[in-house]
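# Geometric and topological summary
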Amino acid sequence: MKNEEIACLAKKVRSTMPNLEALPLATIYNTIKEQEKTNMNLPDFKELIYHMTGWDISFQVIRRQLEINQIVW
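To keep things clear, this report deals only with the structure shown in the data block.

So, how was this worked out
Residues numbered from 1 in each chain as written. Predicted model: local features only at pLDDT ≥ 70, side-chain atom pairs only at ≥ 80, totals over all residues. Heavy atoms only, no water. Axes fitted to C-alpha atoms, helices over the stretch in contact; angles between N-to-C directions. Helix = DSSP H or I, 4+ residues; strand = E, 2+ residues; numbered from the N terminus. Parallel < 35°, antiparallel > 145°, perpendicular 65-115°, else oblique. Contact = heavy atoms within 4.5 Å. Nonpolar A, V, L, I, M, F, W, Y, C, P; charged D, E, K, R; others polar. Salt bridge = Lys/Arg side-chain N within 4 Å of Asp/Glu carboxyl O. Buried < 20%, exposed > 50% of the residue type's maximum accessible area, 1.4 Å probe, protein only. Phe/Tyr/Trp six-rings, centres within 6.5 Å; stacked < 30°, edge-to-face > 60°.

## With respect to the packing of helix α2 (residues 25-36) against helix α4 (residues 59-68)
Interaxial distance between α2 and α4 falls to 8 Å at its minimum, and their mutual angle equals 75 degrees. It follows that α2 is roughly perpendicular to α4 by the angle criterion. For the pair formed by α2 and α4, the contact residues are Leu25, Ala26 and Tyr29 on the first element and Ile62, Gln65 and Leu66 on the second. When its residues are assigned to classes, the contact of α2 with α4 shows five nonpolar, one polar and no charged.

Have a look at this one:
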């Protein structure tokens, strides 16, 4: 995804999920996948999280959290 697409998606998701910081990464990923009908790769999802929260979460942490919830890249 392009940076502009990620920024636009981040704004859209942020408006529909105001309590975003309290949600697990797997919930955020599944919600985006279902509502936006998009499959993101790991770098795109990492960038999206950064746009929405300002958090720079490592790839390993994101991958681990998603794998725990049986979401496989």
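## Points about the pattern of salt bridges
Taken as a whole and assessed by the stated rule, the structure comprises three salt bridges. As a salt-bridge pair, Glu36 and Lys12 come within 3.1 Å of each other at their nearest N and O atoms. On the criterion of sequence distance, the pair formed by Glu36 in helix α2 and Lys12 in helix α1 (residues 3-16) is long-range, its members being 24 residues apart. A residue is classified by how much of its surface remains accessible, and Lys12, at 45% relative accessible area, is partly exposed. Taking the shortest distance from any N to any O, the salt bridge between Lys46 and Asp56 comes out at 2.5 Å. Of the two residues, Lys46 sits in helix α3 (residues 42-53) while Asp56 sits in the loop between α3 and α4, which places them 10 residues apart along the sequence. Of the residues examined, Lys46 reaches a relative accessible area of 16% and is grouped as buried.

## A look at the packing of α1 against α2
Two elements in contact, α1 and α2, have axes separated by 12 Å at closest approach and are oriented at 105 degrees. Taken together, the axis directions place α1 and α2 in an arrangement best described as roughly perpendicular. Two secondary-structure elements touch here, α1 through Leu9, Lys12, Val13 and Thr16 and α2 through Ile32, Gln35 and Glu36. A per-class count over the contact of α1 with α2 returns three nonpolar, two polar and two charged.

## Some remarks on the packing of aromatic side chains
Within a pair of aromatic rings, the relevant descriptors are the distance that separates the centres and the angle that separates the planes. By the definition in use, this model includes one aromatic pair. Ring centres of Tyr29 and Phe45 lie 5.4 Å apart, and the angle between their planes is 90 degrees; this geometry places the pair in the edge-to-face category. With a gap of 16 residues between them, Tyr29 in helix α2 and Phe45 in helix α3 connect regions that are remote in the sequence. For the pair Tyr29 and Phe45, a shared accessibility class is recorded, and that class is buried.

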